Amino acid sequence: MFGRWRKNEPAEAAAKGLASLVRSHLPEADGESVRVVTAIASLLAAVAYADRDFSPAEERRVRMELARIHGMTAGGVDAILEVLRREIVHLTTVELPRSTRTLLELGDDELRLE
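All of these numbers come straight from a predicted model, not from anything done at the bench.

(A) Local environment of the packing of helix 3 (residues 31-48) against helix 6 (residues 96-106). Where helix 3 meets helix 6, the axes come as close as 9 Å, and the angle between the chain directions of the two elements is 130°. In terms of orientation, helix 3 lies oblique with respect to helix 6. Our pair here, helix 3 against helix 6, has a crossing hand that is left-handed. Residues E32, R35, V36, A39, I40, S42, L43 and A46 of helix 3 form the contact with helix 6, whose own contacting residues are L96, S99, T100, T102, L103, E105 and L106.

So this is what it looks like as structure tokens:
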């Protein structure tokens, strides 16, 4: 009976894994900043994968946008992109409402428009 909830653990781990990765590459960031950057990465993936193809051109654009984040290193961008490629279906379906809600709660109008 309870086994059906346990099968969601890998999916939940994917989302937590991205947040943990962002935290490790932005050690000076506070918790809210980590949540915002995680949400941005997920939403960038969702836009890029809207046609169900994460093309090299889309990956380059996501890379460019992630590199604009203050304090983000090239290694951090590479690591985030690796997670996005591996977990893109989960991040762009299950996590999409959470990412949107995070940006709505923690981002101002200027951040959301950018």
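(B) Quick look at the pattern of salt bridges. Here the structure, examined in full by the defined rule, presents 9 salt bridges. For E65, the salt bridge is made with R61, and the minimal N-O distance between the two is 3.0 Å. Residue E65 and its partner R61 are located together in helix 4 (residues 56-67), separated by 4 residues, close to a single helical turn. Here E65 falls in the buried class, since its relative accessible area comes to 18%. Among the ionic pairs, R68 bridges to E65, the shortest N-O distance being 2.8 Å. A single network of salt bridges, built from pairs that share partners, joins E59, R63, D78 and R85.

(C) Molecular detail of helix 3. Taking 1.5 Å of rise per residue, the 18 residues of helix 3 would be expected to cover 26 Å, and the 26 Å separating its terminal C-alpha atoms lies within 8% of that figure. Looking at helix 3, one finds that the buried residues are V34, V36, V37, T38, A39, A41, S42, L43, A45, A46 and A48.

(D) Highlighting the nonpolar core. In this structure, L18, L66, I80 and L84 are the most contacted members of the largest nonpolar core, which totals 23 residues. Breaking this core down by element, the ones donating at least two residues are helix 2 (9-25), helix 3, helix 4 and helix 5 (74-93). Ranked by residues supplied to this core, first place goes to helix 5 with 8 residues. Leave out the neighbours within four places in its chain, and L18 touches T38, A41, S42, I80, V83, L84 and L91.

(E) Representation of helix 4 in the model. Over its 12 residues, helix 4 runs 16 Å from end to end, which matches the ideal 16 Å to within 8%, given 1.5 Å per residue. For helix 4, the set of buried residues is E59, V62, E65 and L66. Looking straight down helix 4, one finds that the buried residues subtend no more than 125° of arc, so they occupy a single side. For helix 4, exposure combined with an orientation more than 90 degrees from the buried face picks out P56 and R60.

The rules behind each value
- Residues numbered from 1 in each chain as written.
- Predicted model: local features only at pLDDT ≥ 70, side-chain atom pairs only at ≥ 80, totals over all residues.
- Heavy atoms only, no water.
- Axes fitted to C-alpha atoms, helices over the stretch in contact; angles between N-to-C directions.
- Helix = DSSP H or I, 4+ residues; strand = E, 2+ residues; numbered from the N terminus.
- Parallel < 35°, antiparallel > 145°, perpendicular 65-115°, else oblique.
- Left-handed = near helix turned anticlockwise from the far one by under 90°.
- Contact = heavy atoms within 4.5 Å.
- Salt bridge = Lys/Arg side-chain N within 4 Å of Asp/Glu carboxyl O.
- Buried < 20%, exposed > 50% of the residue type's maximum accessible area, 1.4 Å probe, protein only.
- Expected span 1.5 Å × (residues − 1).
- Core = buried A, V, L, I, M, F, W, Y, C linked by side-chain atoms within 4.5 Å.
- Arc of directions from axis to C-beta.

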